[in-house]
Each structure stands twice: as C-alpha cells, then as structure tokens.
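# Architecture and fold: a report
These are the residues of each chain, in order.
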Amino acid sequence: MTSIVAQAVRVEYPILESPNRSLKRRFVSSATGGRVARDARNHLVVTALDDVSFTIGPGERVALVGHNGSGKTTLLRSIAGVYEPLCGSLRVSGTIASLFDISIGFDPEATGRENVYLRGFVMGMTRAHLGERIDGIREFSGLGDYLDLPLRTYSSGMILRLAFAVVTSMQRDIVLMDEWIAVGDPDFAARAATRLQEYVAGTSILILATHSEELAGRICTRRIELDHGRVVKDERIGSSN
Amino acid sequence: MTPSHARRHSFAASLVNGTRDLCHGLAANELWLSMGWQDIRQRYRRTILGPWWLAISTGLLVLILGFLWSEIFQVEVRKFLPFFAIGYVLWTFLAGAVNEACTGFTQFEGIIKQRRLPLSALLYRIGVRHTVAFAHNAVVIALIVLWSDVTWSRMLLLAVPGLLLFAAVTFLALIPVAVVCTRFRDFPQIVSNVLQVAFFATPIMWRPDALRNYRWIADYNPLAHLLDIVRRPLLGEAPGWESWIWAVCLFVASFLAAAYLLGRYRHRVAYWL
C-alpha cells in the first residue's frame, strides 16, 4: 500500500565552505589539537527540517505551504530519497516521480527523440517502456518532425512541452511537485492542464509544494504548513473531504 | 545537541550497503551505457571523423615521441614503439577516467538532487566515456603491433582477461576518488598531481630494465603490474605471476574502498554537493 510515514524527521545541511572543506584544517587540527580541532569539528549547520512527523495514506493530495526557506523543497527531496534524514525515520512505500526540474538530463545537442530516452532513463524508465510511449509523446507534445532535430533548435516553450510529455508519460504511485507545472502557449497550456490533472488523478499520493492557497484549496485534500522546518499546521481542506 | 550518529556504521554493514549500490548501479546499465555513449557523441557532434580524432591525436603523439625516445634511449624503434604505444593508451584510459571522477558527483548534481539512484551508475557513465575513447585508441595499438615484429601466439589471448581486470580496477577506483573529491575540494588537485607523477614513475616511456639499480621502482609499483598484465601478452610475452597477484590485490583493494566509502557515505553525498 502506498504510504509516506515520517517520524521526528530532522535534516541538517552542513555548511562546507572552504575553511571546513579543505583538508588543511583536518591536518592542522590533528597536529595542533585544542581550539583549532574544535573549530574544525564544529561545522556550521542549517537545520532545514526539525521534528517533522506525519502519515500520508493512499488517495491523499497534500499541499505543502510555507515561506521561502521553510523547508518545503527539502521535505520533497527527502521523500524522494535524495536527503537521508539525520535523525528520525522516513518510510516511503511506492514508486516515486519527482517533477522538480522537468528538463533535467536533457542534452541540447541530442535530438528530441534521443532526449526522450535520456530523460526517461533518469526517471528510471526502460528502453522498452519508452519505445512504447514515444509515439504518444510525439503526438502530445505536438513537435512532429522536430522530434528528430537537435534540442538546441527548439524554443524554450518546445523544450518544456517535450519534458512535460515525457515526465507525464508514466504513472507512478507518488508524485512530488514543486509548484504546479504550467507550460506553453494558451492552447498547449490547456491541454497540459488536462493531462496533468489526469496524471495526478491516476496517482495514489500527490505532494505539491506551493505558494498558492487558491491552488492548494482547489486540488488538495490536506494542507501541511511548514515554518522554519517545523510543521506548524496540518489540516484537512477542500470540498472533497 | 543530538548526536549525529544515530545509525550504526559498522565496517561490514557499510560494505554490504556499498556492494548493493554497486550492483544496483550495474543493473541500471541502460542509464550509464546510453548516457556515456551520448556524451561522446555530443563531444564530436558535427565533426566528420567524430571520436576518430582521438585515435589520430593519440597516434601522432605516440609516433613522434616513440621515434624520438627510441633515438634518445638508443633502443630499436620496432621494439620500443609497441611497448610505449600500449602503455600510453592504457594510461590515457586510466588517468583520464580517474581525473574525471573528481567531478563525478558534482557534474551530475541536478540528477542526484532529483531522485534516489545508485550513485555508482554515474561513475560507470564516466567509465563508459573513457572506454569508448579507449576503443578508438586501441586501433593505434593494433596498427603498431601489426607493424612491429611481435610474434603472434596464443599468448595474445591472455590480454583479454588482463584487459578485463584492468578495466574493472579502473571502474572501481573511480568511486573512492569521487566520494573523497566531493567532500574535500582540495582533492581533485591532489589527484591530478599524483597521476602526473605516477605517469613518470611507471614504466610507460621507459623499460624497467633501463633502471638497473633502481629496478625496485618498477617492481614495487602496482600500476606497473596492472599495465603488464595487458601489455606483455600483446607483446607476445607471458606476464609474471607476481603481476597477476598485484593486479588482483589492486582489484580487491579498490573494491573494498569503493564498497566501504559508498556504503558509509552515499547518503551524505547529496549534502556535500
């Protein structure tokens, strides 16, 4: 069963700027001991998440809200398995699609078709999967013959179309989004919105970090507010509940 | 302050976790094979000769230096040139891959911060880039060995396991280099300096017997033995058993270093980027 269970999750970023990062301090500290050693050991750390606990079950649509720097993106990345919590536990069951940066893995010199594969591999898709989906991706993106031209000949809107078509071509149990994806000209944006809604409808859990309360209220069933890395509010919202 | 080591990090547990990452990385071969190949294609896109430019520049360098040094050292060029060419091409593969492994995680920051994936796969991708380059350079070796008077024998077949072991050691060595270089940003400089010194301290441009009283420099140089298990069969000689032992020891050492560092620190790499 798809679920995300966080118990007292704490994530700290070490600030590894040059004095700490270089070996010199290590050598100096071990050679001289005393104060320098304490300096070198006492890394500056930023606490990005502190004592975060929640249980998210299948069917939930969760909006993560909070100021810049409140820990939304860190929480998304922790759920994606990028950041391992320093303390506490974070158990995720289900396959994950992280849509933070939808055009990551694209190579401007490669053709659109090659990029579909490159992007797909980064998402953990296989060649066979992508082979079945490439016609659908070509059709939905509306790129036509452009698909066999290098990506650098595309406009930025076309690149986003392609990326969007690839990332939404495979259903996953859990979808993580950092702001709702909006792409393209009005015509495409409408189609993309429909597709994204279908895509999200087909997923078991959606976690959406957003600044828009309106969007959260429209799409989500639960609202978790973060402030300075802590959960300050966790409530049910929306008409569906 | 809560102690930061809530988890147990025993040596054995780290080895097991690291080995798992290495295996998952291998399983994701579609990712690193096609991406590594794509990287090479990108570098030579819109050129007519493509990656064959690599073979051409290697060939020119090997020919010019080979003739020059065989004059300076007063050795027969037909004997020296194949020795130098094989050593140089193998070294280019090893040193090129290790040097690039210094940025093995930093250059893929975007991917690492996007989703959880076996970190080893990213370094296999770098390994593939250099394997493709090596495959093109290998043509230079083939031509020079054909031209020289190396006698063909079944000994040549020994080069196959030799090359596999050589490549395995190189691929595994990329991992500890990448982990340490991501954490300590002075290390890439150290690595490139060490490699430069190692190039001169390893019998590539000179033969071990030219050292006379200092032969131990070659005898106790693990890299010399690693080169020998490929180079000697290609020159029609059997590598000494001690070379195989050295090479297997290097394999075990690089495997242990890779598995341990990956198991112990793979969760920290994203924080260090």
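Parameters at a glance
- Residues numbered from 1 in each chain as written.
- Chains lettered and ligands numbered in written order.
- Predicted model: local features only at pLDDT ≥ 70, side-chain atom pairs only at ≥ 80, totals over all residues.
- Helix = DSSP H or I, 4+ residues; strand = E, 2+ residues; numbered from the N terminus.
- Buried ≥ 20, exposed ≤ 12 C-beta atoms within 10 Å, placed from the backbone.
- Pairing = 2+ DSSP bridges.
- Axes fitted to C-alpha atoms, helices over the stretch in contact; angles between N-to-C directions.
- Contact = placed C-beta atoms within 7 Å.
- Nonpolar A, V, L, I, M, F, W, Y, C, P; charged D, E, K, R; others polar.
- Domains from an automatic or database assignment.
- pLDDT = per-residue confidence, 0-100.
- Core = buried A, V, L, I, M, F, W, Y, C linked by C-beta atoms within 7 Å.
- Expected span 1.5 Å × (residues − 1).
- Parallel < 35°, antiparallel > 145°, perpendicular 65-115°, else oblique.
- Left-handed = near helix turned anticlockwise from the far one by under 90°.

In terms of helices and strands, chain A carries nine helices and nine strands. Here chain A holds 241 residues, and 39% of them are scored as buried.

This part is about the sheet that holds strand β2 (residues 44-56) of chain A. All names here are of chain A. Spatial strand order, β2-β1-β4: three strands in an open sheet with antiparallel pairing. In the strand order of this sheet, the two ends are held by β2 and β4 (87-93), each with one partner. Adjacent strand axes in the sheet meet at a mean angle of 25°, parallel and antiparallel pairs treated alike. Where strand β1 (residues 3-15) meets β2, nine bridges bridge the pair, whose relative direction is antiparallel. Among the inter-strand pairings, Val5 is bridged to a residue of β2, identified as Thr55. Each of β1, β2 and β4 is contacted by helix α4 (residues 72-79), which is oriented at about 65° to β2, the strand it contacts most.

What follows deals with the sheet that holds strand β7 (residues 205-209) of chain A. All names here are of chain A. One open sheet holds the six strands; their spatial order is β5-β6-β7-β3-β8-β9, and the pairing between them is mixed. Two strands lie at the open edges of the sheet, namely β5 (96-99) and β9 (230-236), each paired on one side alone. Neighbour-to-neighbour, the strand axes of the sheet open up by a mean angle of 15°, direction not taken into account. When strand β3 (residues 61-65) meets strand β8 (residues 222-227), the two strands line up parallel, connected through four bridges. Within the sheet, the bridge partner assigned to Leu64 lies in β8 and is Ile224.

Chain B puts 24 residues into the contact, and the matching count from chain A is 30 residues. Elements with a minimum of two residues in the side of chain B that touches chain A: α2 (29-43), α5 (109-112) and α11 (241-272) of chain B. With six residues, α2 of chain B is the single largest residue contributor to the side of chain B that touches chain A. Of the residues assigned to the side of chain B that touches chain A, the class counts are nine nonpolar, eight polar and seven charged.

This brings us to the domain arrangement of chain A. Note: interface size is frequently given as the accessible area lost on complex formation between the parts. All names here are of chain A. With domains assigned, chain A is organised as domain 1 (3-94 + 208-236) and domain 2 (99-203). Contacts between the two partners involve nine residues from domain 1 and, on the opposite side, eight residues from domain 2. Those elements giving two or more residues to the side of domain 1 that touches domain 2 turn out to be α4 and β7. By residue number, the principal contributor to the side of domain 1 that touches domain 2 is α4, which donates three residues. Broken down by class, the residue content of the side of domain 1 that touches domain 2 amounts to six nonpolar, three polar and no charged.

Our next topic: the confidence of the model for chain B. All names here are of chain B. Residues with a pLDDT of 70 or more make up 97% of chain B, whose mean pLDDT is 90. This model gives residues 1-6 a pLDDT under 50, and the stretch forms three contacts once residues within four places in sequence are excluded. Scoring of the predicted complex yields 0.87 for pTM and 0.83 for ipTM.

Of note in the backbone geometry, Ala8 of chain A takes a positive phi value of approximately 50° without being a glycine. Non-glycine residue Gln74 of chain B carries a positive phi angle of around 55°. Looking at the secondary structure, you find Gln74 of chain B in the loop between α3 (52-72) and α4 (77-101). With 8 C-beta atoms packed within 10 Å, Gln74 of chain B lands in the exposed category.

A general feature of soluble globular proteins is that nonpolar side chains tend to end up buried together. Leu64 and Leu176 of chain A together with Ala85 and Leu174 of chain B are the most contacted members of the largest nonpolar core, which totals 140 residues. The residues that make up this core include at least three from each of domain 1 (3-94 + 208-236) and domain 2 (99-203) of chain A. Contacts of Leu64 of chain A, omitting those with residues within four sequence positions, involve Lys72, Leu75, Ile207, Leu208, Ala209, Ile224 and Leu226 of chain A.

All names here are of chain A. Taking 1.5 Å per residue, 12 residues should reach 16 Å; helix α7 (residues 156-167) reaches 17 Å between its end C-alpha atoms and fits that length. The element α7 is largely enclosed, with a buried count of 10 among its 12 residues. For α7, every residue scored as buried is listed here: Met158, Ile159, Leu160, Arg161, Leu162, Ala163, Phe164, Ala165, Val166 and Val167. Contacts from the buried residues of α7 go to β5, α5 (112-122), α6 (127-141) and α8 (186-201).

For the rest of this paragraph, the subject is the packing of helix α6 (residues 119-147) of chain B against helix α7 (residues 159-183) of chain B. All names here are of chain B. As a packed pair, α6 and α7 sit with axes 9 Å apart at the nearest point and diverge in direction by 130°. Classed by the angle they form, the pair α6 and α7 counts as oblique. Where α6 crosses over α7, the two elements pack in a sense that is right-handed. Of the residues in α7, those in contact with Ser120, Leu123, Tyr124, Ile126, Gly127 and Thr131 of α6 are Ala167, Thr170, Phe171, Leu174, Ile175 and Ala178. Looking at the contact of α6 with α7 residue by residue, the classes come out as eight nonpolar, four polar and no charged.

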